[in-house]
Amino acid sequence: TAYYGNILSDNELVSKIDTDFDIITANIVSDVLIAMNSLFKNFLKENGILIVSGIISERKDEVISHLSINFNLTETFEEEDWVALKFIKK
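Remember, it's a predicted structure, so these values are computed and weren't measured experimentally.

Can you lay out the sheet that holds strand S2 (residues 44-56) for me, pointing to particular residues and giving the numbers?
The strand order across the open sheet formed by four strands is S1-S2-S4-S3, and the pairing between neighbours is mixed. If you trace the sheet from one side to the other, it starts and ends with strand S1 (21-27) and strand S3 (71-79), each paired once. Ignoring strand direction, the axes of neighbouring strands in this sheet form an average angle of 15°. Where helix H4 (residues 60-67) meets the sheet, its contacts fall on S2, S3 and strand S4 (82-89), and the angle it forms with S4 comes to roughly 10°.

What follows is the structure, encoded as structure tokens:
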């Protein structure tokens, strides 16, 4: 199933999405990743994996700080000025 819309502002869209995913990947700018923190938490099952990328190295610590509220950081990948992070849901 595919959905279209702004998941950050459309509660009806959010209510249609399953809440039992094993893994979520997101390659989006840091501000959106931070804003989606609680959505990621709600969509993943216990011990689910979250992989986020599209993060410029200057924002890495900020993203880690926010996502670490709901997730444990397990791996960091860096290439040039880009960062990807792997988390496990707490």
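Once you've had a look at it, read on.
Outline the pairing of S4, supporting the account with residue identities and numerical values.
Of the pairings in the sheet, the one linking S2 to S4 comprises six bridges and is antiparallel in character. Residue Leu50 lies in a different strand from S4, and its bridge partner there is Phe87. Bridging between S3 and S4 involves eight bridges; their strand directions are antiparallel. Within S4, the residue paired with Asn72 across the bridge is Ile88. Where S3 hands over to S4, the hairpin turn is made up of two residues, of which Glu80 adopts a positive phi near 55°.

Describe the layout of surface pockets, with residues and values.
Taken as a whole, the largest pocket spans an internal volume of roughly 180 Å³. Along the walls of the largest pocket sit Thr1, Ala2, Tyr3, Tyr4, Gly5, Ile7, Leu13, Ile17, Asp18 and Phe21, which together make up its complete lining. Looking at the lining of the largest pocket, its residues break down into seven nonpolar, two polar and one charged. Ile7, Phe21, Ile23, Ile24, Thr25, Ala26, Ile28, Met36, Phe40 and Phe43 are the residues that line the second largest pocket. Secondary structure elements with two or more residues in the lining of the second largest pocket: S1 and helix H3 (37-43). In terms of residues, the lining of the second largest pocket owes the most to one element, S1, which gives five residues. Classifying every residue of the lining of the second largest pocket gives nine nonpolar, one polar and no charged.

With reference to specific residues and values, describe the pattern of salt bridges.
Tallied over the full model, the rule gives five salt bridges. A salt bridge links Asp22 to Lys45; its shortest N-O distance comes to 2.8 Å. Within this pair, whereas Asp22 is found in strand S1, its partner Lys45 is found in strand S2, the two being separated by 23 residues in sequence. Owing to a relative accessible area of 30%, Lys45 belongs among the partly exposed residues under this scheme. Across the pair Glu62 and Arg59 runs a salt bridge whose closest N-O atoms are separated by 2.7 Å. Judged by its relative accessible area of 34%, Glu62 falls in the partly exposed class. Salt bridges sharing common partners tie together Asp31, Arg59 and Glu62.

The rules we used
- Position labels on residues start from 1 in each chain and follow its written sequence.
- The predicted origin of the model limits local features to residues at a pLDDT of at least 70 and limits the giving and counting of side-chain atom pairs to 80 or more, whereas totals for whole chains, interfaces and linings rest on all residues.
- Neither water nor hydrogens contribute to the side-chain values; these are computed over all heavy atoms in the structure.
- Any two strands with at least two DSSP bridges between them are considered paired.
- Starting at the N terminus, helices and strands are each numbered in turn, a helix being any DSSP run of H or I of at least four residues and a strand any DSSP run of E of at least two.
- Every axis corresponds to a line fitted to the C-alpha atoms, with the helix fit spanning only the stretch in contact, and the corresponding angles, defined between N-to-C directions, vary from 0 to 180 degrees.
- Note on contacts: a residue pair qualifies if any of its non-hydrogen atoms lie within 4.5 Å across the two residues.
- Cavities and pockets are defined on a 1 Å grid built over the protein atoms alone: a cavity is a set of grid points where a 1.4 Å probe fits but cannot escape, while a pocket is an open set with protein on both sides within 12 Å along at least five of seven lines, and lining residues are those with an atom within 4 Å of any such point.
- Grid points are joined across faces, edges and corners, and a volume is the space filled by probe spheres set on the points.
- Put simply, Ala, Val, Leu, Ile, Met, Phe, Trp, Tyr, Cys and Pro go in the nonpolar bin, Asp, Glu, Lys and Arg in the charged bin, and everything else, Gly too, in the polar bin.
- What makes a salt bridge here is a side-chain nitrogen of Lys or Arg within 4 Å of a carboxyl oxygen of Asp or Glu, nothing more.
- Three exposure classes are used, based on accessible area relative to the maximum for each residue type with a 1.4 Å probe and protein chains only: buried under 20%, partly exposed in between, and exposed over 50%.

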